[in-house]
Amino acid sequence: MSKYCLLTCKNNIADAQCEIHFLPSIDDLVEPTQYENFTKFSLNYILKEEVPGNSFFEPLFGGHQSLQDREETYHAKDQTLHCGFVRGSDDYPSTGFDLDENDRRYMATCHIAVSSCIFGSSDYLRRPTKSRIGSYAKKNVCFIMFVDELTLATLSSEGHMPDENGFIGLWRIVVVKNLPYKDMRRAGKVPKFLAHRLFPSAMYSIWLDSKLRLHADPMLIIEYFLWRKKAEYAISMHYDRSCVWEEVLQNKRLNKYNHAAIDEQFHFYQSDGLVKFNDSGQLPVLPSYVPEGSFIVRAHTPMSNLFSCLWFNEVNRFTSRDQLSFAYTYLKFRRTNPAKPFLLNMFKDCERRAIAKLFHHRTNDTTDPPPANLRVD
């Protein structure tokens, strides 16, 4: 009998079948002894920015990062950097993403976290398929669904009430008050990218968008996408596009974001070395420069955590369309640290479809306004 359990699916675009060979059970899981042999350095985070001699200072969740500061953060070294959760002086109001202390304490105990979010009542609650989740994961993995108060009210009106411990099925419902951005998509990037900040004790985390329902055991996912591939970060490539130029045109065609803001971001990236996927004179360093970013598996290593901060800072500075900033962030990070590899596994989108069922969002996408904090000077 085969050593692995087989999952198959079809890629809707290429019509090609791909296979996932999971271990048959978590009893066979052994973390590789050499797995933690990654680049080592220390990261600390800016928690507070004091008011300068300027009466117009406004504390921001992402902080006030200059371009010079931004450039320095791309170096994989001991450093203190902006990575969300920045507060102003004590006499200023919170910058957002406020959590109940009981939820904070619970999240601080998580060593492996699966998380998602629904803000602005934009989706239905998708519960993980319990029959696919093993007893070990049910007991030892934290399943966290971040919601705002509007979403909680909507879920409650539809009969989805958290129990006395705050759970709906496997999901522990964590209510976020005072979202740091008016753009719900940008607010969702906080739990998507900053799992290492929200789960400070976690060694691994899995992110899935609220349009997905998890169909596989988290421990088998970590073994397959990280341990077996000797990777510290795993994300699927886009099912249709591989070049950022194509992604820019598609975002404009579908009015996914303000066109002027997209142009400003894209021109800035080109001036800083972004090249087309197949036009660099060399083989691309990734199988695609456009991710399907709805499913991310990561080890909380220094390189993985720094990359997550860098990608979040790009979304904070420019547009909330993270597919536009992924390749730039990765390529600049790689170029800045040639002797310090960042081990990224970019896998086929049909593999993602095999382990997470895709649904439509509750509401249709609308064009977002330009970010209020767009700064390239």
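Definitions and limits used
- Residues numbered from 1 in each chain as written.
- Predicted model: local features only at pLDDT ≥ 70, side-chain atom pairs only at ≥ 80, totals over all residues.
- Heavy atoms only, no water.
- Buried < 20%, exposed > 50% of the residue type's maximum accessible area, 1.4 Å probe, protein only.
- Helix = DSSP H or I, 4+ residues; strand = E, 2+ residues; numbered from the N terminus.
- Pairing = 2+ DSSP bridges.
- Core = buried A, V, L, I, M, F, W, Y, C linked by side-chain atoms within 4.5 Å.
- Contact = heavy atoms within 4.5 Å.
- Salt bridge = Lys/Arg side-chain N within 4 Å of Asp/Glu carboxyl O.
- Axes fitted to C-alpha atoms, helices over the stretch in contact; angles between N-to-C directions.
- Parallel < 35°, antiparallel > 145°, perpendicular 65-115°, else oblique.
- Nonpolar A, V, L, I, M, F, W, Y, C, P; charged D, E, K, R; others polar.
- Disulfide = S-S within 2.5 Å.
- Phe/Tyr/Trp six-rings, centres within 6.5 Å; stacked < 30°, edge-to-face > 60°.
- Lys NZ or Arg CZ within 6 Å of the ring centre and 35° of its normal.

The name an unreviewed UniProt entry gives the protein is TOD1/MUCI70 glycosyltransferase-like domain-containing protein, with Digitaria exilis as the organism.

**Quick look at the pairing of strand S12 (residues 291-299)**
By the criterion of burial, S12 is predominantly enclosed, with 9 of the 9 residues buried. As paired elements, strand S9 (residues 204-208) and S12 share 5 bridges and run antiparallel to each other. Across the sheet, residue Trp-207 finds its bridge partner in S12, namely Ile-296. Relative to S12, strand S11 (residues 233-237) runs antiparallel, the two sharing 5 bridges. Across the sheet, the residue bridging to Ala-234 is Val-297, located in S12.

**A few points about the nonpolar core**
Ranked by internal contacts, the top residues of the largest apolar core, which has 69 residues, are Phe-97, Phe-146, Phe-199, Leu-274, Trp-311, Phe-333 and Leu-344. Element by element, the count of residues in this core is highest for helix H10 (residues 302-317), at 8 residues. Non-local contacts of Phe-146, meaning those with residues more than four positions away in its chain, are made with Phe-97, Met-107, Ser-115, Ser-116, Cys-117, Ile-118, Phe-119, Val-174, Val-176, Pro-191, Leu-198 and Phe-199. The next biggest cluster of nonpolar side chains, apart from the first, holds 44 residues, and it includes Val-141, Ile-221, Ala-299 and Phe-347.

**Topic: the sheet that holds S11**
Working definition: the strands of a sheet are paired by backbone hydrogen bonds and lie parallel or antiparallel to each other. Taken together, 8 strands build an open sheet; the order of strands is S7-S8-S6-S5-S9-S12-S11-S13 and the sheet is mixed. Of all the strands in the sheet, just strand S7 (167-168) and strand S13 (344-347) have a single pairing partner and so form its edges. Relative to strand S6 (residues 142-147), strand S5 (residues 112-118) runs parallel, the two sharing 6 bridges. Pairing of Ala-113 across the sheet is with Cys-142, part of S6.

**Quick look at the pattern of salt bridges**
In the structure shown here, the tally under the stated rule is 19 salt bridges. Residues Asp-90 and Lys-48 are paired through a salt bridge, measuring 3.0 Å at the closest nitrogen-oxygen approach. Note that Asp-90 is positioned in the loop between strand S4 (79-81) and helix H2 (101-108) and Lys-48 in the loop between strand S3 (43-45) and helix H1 (67-73), a separation of 42 residues in sequence. For the salt bridge of Asp-103 with Arg-172, the shortest nitrogen-to-oxygen distance reads 3.0 Å. With Asp-103 in helix H2 and Arg-172 in strand S8 (residues 171-175), this residue pair connects regions lying 69 residues apart in the sequence. Summarising the burial analysis for this pair, Asp-103 and Arg-172 share the class buried. Taken together, the shared-partner salt bridges in this structure form one network comprising Lys-211, Glu-292, Asp-349, Arg-352 and Arg-353.

**Focus on the packing of helix H5 (residues 184-193) against H10**
Working note: a packed helix pair is described by the angle between its axes plus the distance between those axes. Between H5 and H10, whose axes approach to 10 Å, the crossing angle comes to 175 degrees. Overall, the two elements H5 and H10 adopt an arrangement that is roughly antiparallel. Taking contact as the criterion, the partners of Arg-186, Lys-189, Val-190 and Phe-193 in H5 are, on H10, Ser-308, Trp-311, Phe-312, Val-315 and Asn-316. Along the lines of polarity and charge, the residues of the contact of H5 with H10 split into 5 nonpolar, 2 polar and 2 charged.

**Some points on the state of the cysteines**
According to the stated counting rule, one finds 2 disulfides in the structure shown. The partner cysteine of Cys-83 in its disulfide is Cys-309, sulfur to sulfur 2.1 Å. Every disulfide takes its handedness from the sign of the S-S torsion; for Cys-83 and Cys-309 that torsion is -85 degrees, giving left-handed. Taken together, the residues Cys-83 in the loop between S4 and H2 and Cys-309 in helix H10 connect sequence positions 226 residues apart.

**Quick look at unusual backbone geometry**
We note that Phe-97 has phi near 60 degrees; this positive angle belongs to a residue other than glycine. One non-glycine residue, Lys-230, lies in positive phi territory at about 55 degrees. As for its position among the elements, Lys-230 is in the loop between helix H7 (218-227) and S11.

**A look at the packing of aromatic side chains**
If you walk through the whole model with that rule in mind, you get 33 aromatic pairs. Centre to centre, the rings of Phe-61 and Phe-312 are 6.3 Å apart; their planes meet at 80 degrees, and the pair counts as edge-to-face. On the criterion of sequence distance, the pair formed by Phe-61 in the loop between S3 and H1 and Phe-312 in helix H10 is long-range, its members being 251 residues apart. The class for Phe-61 is buried, based on a relative accessible area of 3%. Connected via pairs of aromatic rings, a cluster forms that spans Phe-61, Phe-85, Phe-97, Phe-119, Phe-146, Tyr-181, Phe-199 and Phe-312. Over the face of the ring belonging to Tyr-224 we find Lys-229, whose NZ or CZ atom lies 3.9 Å from the ring centre. Over the ring of Phe-359 we find Lys-357; its NZ or CZ atom is 5.4 Å from the centre of that ring.

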